[in-house]
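Structural overview for review
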Amino acid sequence: MARQPPPPSVHAAILLCLLSLSGAIEIPMDPSIQNELSQPPTITKQSVKDHIVDPRDNILIECEAKGNPAPSFHWTRNSRFFNIAKDPRVSMRRKSGTLVIDFRSGGRPEEYEGEYQCFARNKFGTALSNRIRLQVSKSPLWPKENLDPVVVQEGAPLTLQCNPPPGLPSPVIFWMSSSMEPITQDKRVSQGHNGDLYFSNVMLQDMQTDYSCNARFHFTHTIQQKNAFTLKVLTNNPYNDSSLRNHPDMYSARGVAERTPSFMYPQGTASSQMVLRGTDLLLECIASGVPTPDIAWYKKGGDLPSDKAKFENFNKALRITNVSEEDSGEYFCLASNKMGSIRHTISVRVKAAPYWLDEPKNLILAPGEDGRLVCRANGNPKPTVQWMVNGEPLQSAPPNPNREVAGDTIIFRDTQISSRAVYQCNTSNEHGYLLANAFVSVLDVPPRMLSPRNQLIRVILYNRTRLDCPFFGSPIPTLRWFKNGQGSNLDGGNYHVYENGSLEIKMIRKEDQGIYTCVATNILGKAENQVRLEVKDPTRIYRMPEDQVAKRGTTVQLECRVKHDPSLKLTVSWLKDDEPLYIGNRMKKEDDSLTIFGVAERDQGSYTCVASTELDQDLAKAYLTVLADQATPTNRLAALPKGRPDRPRDLELTDLAERSVRLTWIPGDDNNSPITDYVVQFEEDQFQPGVWHDHSKFPGSVNSAILQLSPYVNYQFRVIAINEVGSSHPSLPSERYRTSGAPPESNPADVKGEGTRKNNMEITWTPMNATSAFGPNLRYIVKWRRRETRETWNNATVWGSRYVVGQTPVYVPYEIRVQAENDFGKGPEPDTVIGYSGEDLPSAPRRFRVRQPNLETINLEWDHPEHPNGILIGYTLKYVAFNGTKLGKQIVENFSPNQTKFTMQRADPVSRYRFTLSARTQVGSGEAVTEESPAPPNEAYTNNQADIATQGWFIGLMCAIALLVLILLIVCFIKRSRGGKYPVREKKDVPLGPEDPKEEDGSFDYSDEDNKPLQGSQTSLDGTIKQQESDDSLVDYGEGGEGQFNEDGSFIGQYTVKKDKEETEGNESSEATSPVNAIYSLA
């Protein structure tokens, strides 16, 4: 016999509460309210964006909407008004916007192809459908062609092209022979994704059939067949010995030369592929070679996603389902046979059509309230957002001082009845668009109850139940619960009020019976309703059927005595081997037993007694064993088989203490197999009534034990005996013993803090069970504060196992503590756990640096973002080469979050590169930073020259240098014009030394040979010639005024000493300013 726990109570039907207290009002589905309240249109049904229709049927373009008053409909076709009344084939369904185009009287469906959009309008606004692109399915005929036999050498690769006619949608391709026999495919012969048939190597047996490409079109359900290819295989071994097909060296046996693999599709060693997020990525590699190559797939820098990746077409294709941004990167296929291997790299870029992050929702407000519509989407490229109101661009709509547009959000302040409208958000990029309608409705409605009045709810004792009180009103009413007309609001302790207004009673007790009143109140009035709660006793089987061993032909009685609430109707039924028992002539069913007369072998099995009322049920099971041998054995015990022990009995509790009790029991019969163990179980009636838990285990020789207990638990015990055959049925329960209460000695485990949105943090923990509650009204004190700040702790008291902290900064650490508390006090000081609020997009990487150490490489370095706003999952680098206005192909690299360097090999030394770097969190890619590579050296030099040449200081310097050079040229000209040998007679006492070769003939050479400076002069740092003080100057000679020249130009006369000349110059200062003198002085 075994007792099974009863299922949850069957409560009265729970009415759905349609009120949302999260900021906007939801219109209930109650017809009386729907008919009374004004409501702008809402699109409820529409055709798909790409609508392909069968040309043999009438065209149906769906558009349905609701609103009050009921909306009217009109359509546009190719952005122009579609006048339905002018076309007799086109009609619109009654009370609907659905278009029906009828071709029963003729007409061509192709004439109606185009882009359609439905408009649903009433006096409060206009809602729009998606732009529906209507296309007519096409299944063109295959062009007739005569195909010559294909001649190929045995062992060579071969591709048979299909080239199906372009259908809409694309047809399904398959290959068969002209006699409609399917072509056997394997790793040597297979069909590619493009429909072509590939032979990695042709064998002689391949020309035993022909090959025809077939196209199956979806809408017309037709199959078109291309003319068949026939093969002519040239071979060195004309005998097609079938025994060689499985030969381990089949190709050598047939004289086919072995060769290394090469790719048939795709061509080359590298290719690229773009795939949209959320679709399937299909990569394909088909290789030729002898023997037939094997294909293996890999991903650079990581493993293939095992949960999404699968191999197709004999490993020639790799399919990754539901692609996400993490699946981008480089994949390569490796084709190998015993002659060698090659590989092909496929660079995969994941783009994304727009997808919703926050789709705008209908906004129902009371007059004077504030609200907002949020339209937030993501995609790759980043989608743009366009707002419309009633189908017109928002910027062309009449101004509304209560409305403010902030990018992807429209904010409404102090809304009034005139603010009602339907807003459209269109977010799009090059891969697609999303269109959402959201209306703004302003209502003022006094509270109204939506459920029947004075409901009766019956519930079983100790169960959990919920009382619902659906209501409606605008502004949103507040709801309070009262019991038996008393003035205190019910919330806390054994009661919990949900956000939708429902009242939950966690564990029903007798004293919870009564009349409960819910009152909804707003500024326009109040409404109330009552619910009567009745508490019923549970249904229990207190005398359960027992396992029995009976001889064939005897009578067996299985007891099943039930205790139940007398106000409920009891039904007792029986199951045999978990199937309903048929009560035949040999059986008698009474209220408290089942009797079987003349037991037969077919009666052996399990019997289950099911006692049920309309609210609950209880089960008890026993097993009947039927002995075939009716002879009475001389040794009765030896004749009986070993069995499970009988249940222990007469449980007694003694030595009652605050935290312990002694349990004593009388063992049952061991049924010829010694009892090895006893298992003591307990049940408590507060948290999990009716559920039994293992408490402790004792040896089979013990029938008394001291049990350690927890505070404030209403214990009930039972004992199970175990031998080598199995376990006994549990004993009857002991009497109950409640321990005294105490403060909790522990706190909940698994405390976590994680953000579910960018501006919140959800704190969760594992709730404590009955044996750790230690007292009534177990609750949790949740504390939190930002880490590394001195702010005070925030706290809240929670009865469940979660608490949401709102309005948090993005991804900041919080210190969290969760402490258990009951009516006796608080638990120990809890440990501090670090949690984080929600993540957001990261800021741009810092200090992005681009260096070019040589013409072959470019080094990139960066630092982590200043504001990661979450856990970085990586970086995305996009770069493109450019030369003037010419741009190259953009390349995308993804890096791990720890990588902050990247070295790129330049494709050519002339082009420059533009780099864009962004960081990524779980939310997506954040702000990007852009840098360009340095210009090549020659370009930098040219630019530098151009920049300097335009500077004013440089122009002035060049002019000064030019003037100086001009003066020097004039000096040199004067020198040359006065050059030659002049006889000089020194007046000084010291004559010229004879060692001077210049003066052997009594003359001095002033010619400028070899550009050498004059003797007695020195060269300055700037290359000009300066005179020494002791030397004579030609200027001295030229300015004496007394010297004369002969007819041959030689100098005649004497020169004065320099000292005298200086004295003369001192007296003739008026000549010092002469330009000639200035030039001569420089000379």
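Calculation criteria
Residues numbered from 1 in each chain as written. Predicted model: local features only at pLDDT ≥ 70, side-chain atom pairs only at ≥ 80, totals over all residues. Heavy atoms only, no water. Helix = DSSP H or I, 4+ residues; strand = E, 2+ residues; numbered from the N terminus. Buried < 20%, exposed > 50% of the residue type's maximum accessible area, 1.4 Å probe, protein only. Contact = heavy atoms within 4.5 Å. Areas by Shrake-Rupley, 256 points an atom, 1.4 Å probe, with all protein chains shown as cover. Phe/Tyr/Trp six-rings, centres within 6.5 Å; stacked < 30°, edge-to-face > 60°. Lys NZ or Arg CZ within 6 Å of the ring centre and 35° of its normal. Salt bridge = Lys/Arg side-chain N within 4 Å of Asp/Glu carboxyl O. Patch = residues over 30% accessible without salt bridge, like charges linked within 9 Å, V, L, I, M, F, W, Y side chains within 5 Å. Pairing = 2+ DSSP bridges. Axes fitted to C-alpha atoms, helices over the stretch in contact; angles between N-to-C directions. Disulfide = S-S within 2.5 Å. pLDDT = per-residue confidence, 0-100.

**Points about the overall build of the protein chain**
Regarding its fold elements, the protein chain presents nine helices and 86 strands. Here the protein chain holds 1083 residues, and 41% of them are scored as buried. For the protein chain, the proportion of contacts with a sequence separation of at least 24, taken over those separated by at least 6, is 65%. When the accessible surface of the protein chain is split by element, carbon and sulfur atoms take 50% of a total near 58,300 Å².

**Side note on the packing of aromatic side chains**
Counted by the stated rule, this structure contains 21 aromatic pairs. Judged by centre distance (5.2 Å) and plane angle (65 degrees), the rings of Trp-665 and Tyr-678 are edge-to-face. Of this pair, Trp-665 sits in strand S59 (residues 660-666) while Tyr-678 sits in strand S60 (residues 677-684), and the two are 13 residues apart along the sequence. Side by side, Trp-665 and Tyr-678 carry an identical accessibility label, which is buried. Through a chain of ring-to-ring contacts, three or more aromatic side chains come together here, namely Phe-848, Trp-862, Tyr-875, Tyr-879, Phe-895, Phe-902, Tyr-913 and Phe-915. Lying over the aromatic face of Tyr-433, Lys-49 brings its terminal NZ or CZ to 4.1 Å of the ring centre. Here the guanidinium or amino end of Arg-343 rests over the ring plane of Phe-332, the centre of that ring lying 4.2 Å away.

**Considering the pattern of salt bridges**
Evaluation of the coordinates by the stated rule reveals 50 salt bridges. Its salt-bridge partner being Arg-56, residue Asp-54 comes within 2.9 Å of it at the nearest N-O pair. Classification of Asp-54 as buried rests on a relative accessible area of 11%. Where Arg-914 meets Glu-932, a salt bridge forms, and the shortest distance between an N and an O atom there is 3.1 Å. Placement of the pair is Arg-914 in strand S79 (residues 912-920) and Glu-932 in strand S80 (residues 925-932), with a sequence separation of 18 residues. Several salt bridges share partner residues, and in doing so they unite Arg-847, Arg-849, Arg-851, Glu-861 and Asp-863 into one network.

**Quick word on a nonpolar patch on the surface**
On the surface, Trp-953, Leu-957, Met-958, Ile-961, Val-965 and Leu-969 cluster together to form a nonpolar patch covering roughly 580 Å² of accessible area. Turning to its location among the elements, Leu-969 is positioned in helix H6 (residues 952-977).

**Structural notes on the sheet that holds S59**
Pairing within the open sheet is antiparallel, and its three strands lie in the order S58-S59-S62. The strands lining the two open edges of the sheet, one partner per strand, are strand S58 (649-654) and strand S62 (704-708). Shown here is a sheet whose adjacent strand axes are inclined to one another by a mean of 25 degrees, direction ignored.

**Considerations on unusual backbone geometry**
The phi torsion of most residues other than glycine is negative, and most of the peptide bonds are trans. Backbone torsion omega between Val-290 and Pro-291 reads -5 degrees, so that peptide bond is classified as cis. The residue Pro-291 is located in the loop between strand S24 (286-290) and strand S25 (294-299) in this model. Residue Asn-380 is joined to Pro-381 through a cis peptide bond whose omega torsion reads 5 degrees. Note on placement: Pro-381 falls in the loop between strand S32 (376-380) and strand S33 (384-389). Phi at Asn-313 takes a positive value of approximately 55 degrees, unusual for a residue other than glycine.

**Remarks on the state of the cysteines**
One pass over the structure, following the stated rule, counts six disulfides. One disulfide in the model links Cys-285 with Cys-333; its S-S distance is 1.9 Å. Looking down the S-S bond of the Cys-285 and Cys-333 bridge, the torsion is -70 degrees, so its handedness is left-handed. Here the residue Cys-285 occupies a position in the loop between strand S23 (281-284) and S24, and Cys-333 occupies one in strand S28 (residues 329-337), the gap between them amounting to 48 residues. Cys-333 matches Cys-285 in its accessibility class, with the two residues each being buried. If you count the bonded cysteines of the protein chain from the N-terminus, they pair up as 1-2, 3-4, 5-6, 7-8, 9-10, 11-12.

**Describing the environment of Pro-744**
Within the element layout of this structure, Pro-744 appears in the loop between strand S64 (737-738) and strand S65 (749-754). The buried category is assigned to Pro-744, whose relative accessible area is 4%. Between the C-alpha atoms of Pro-744 and Gly-775, which are 31 residues apart in sequence, the distance is 7.4 Å.

**Looking at the sheet that holds strand S19 (residues 222-225)**
In spatial order, the strands read S15-S18-S19; together these three strands make up an open sheet with antiparallel pairing. Of all strands in the sheet, those with a lone pairing partner are strand S15 (172-176) and S19, marking the two edges. Pairwise comparison of adjacent strand axes, ignoring direction, gives a mean angle of 25 degrees for this sheet. The sheet contact formed by strand S18 (residues 212-217) and S19 spans four bridges and is antiparallel. Bridging across to S19, Arg-216 finds its partner in Ile-223.

**Section: the environment of Ser-38**
Structurally, Ser-38 is set in the loop between helix H1 (31-36) and strand S2 (39-46). Here Ser-38 falls in the partly exposed class, since its relative accessible area comes to 26%. Separated by 86 residues in the primary sequence, Ser-38 and Phe-124 have C-alpha atoms spaced 8.2 Å apart.

**Overview of the pairing of strand S73 (residues 846-851)**
Regular strands place side chains that alternate from one sheet face to the opposite one. Sheet analysis places S73 next to strand S74 (residues 857-863), joined by four bridges and oriented antiparallel. Residue pairing for S74: Arg-849 is matched across the bridge by Glu-861. Where S73 folds back on S74, the antiparallel hairpin that results is connected by five residues.

**So, the side chain of Thr-76**
Counting through the fold element by element, Thr-76 comes out in strand S6 (residues 72-77). Look at Thr-76 and you get buried, because its relative accessible area is 11%. Every residue in contact with Thr-76, bar those within four places of it in the chain, is listed here: Phe-81, Phe-82, Glu-115, Tyr-116, Gln-117 and Phe-119.

**Digging into the side chain of Thr-857**
Locating Thr-857 in the fold gives a position in strand S74. Note on Thr-857: relative accessible area 12%, which makes it buried. Once residues within four sequence positions are removed from consideration, Thr-857 is found in contact with Gln-852, Thr-903, Met-904, Gln-905 and Arg-906.

**Considering the confidence of the model for the protein chain**
Overall, the prediction assigns the protein chain a mean pLDDT of 83, with 84% of residues at 70 or greater. Segment residues 1-23: pLDDT under 50, and 56 contacts once partners within four positions in sequence are set aside and those in other chains are kept. Residue range residues 630-639 is modelled with pLDDT below 50. Its contacts to residues more than four positions away, or to other chains, number four contacts.

**Observations concerning the environment of Arg-540**
Relative to the assigned elements, Arg-540 resides in strand S48 (residues 540-543). With a relative accessible area of 29%, Arg-540 lands in the partly exposed category. In sequence terms Arg-540 and Lys-563 are 23 residues apart; their C-alpha atoms lie 5.2 Å from each other.

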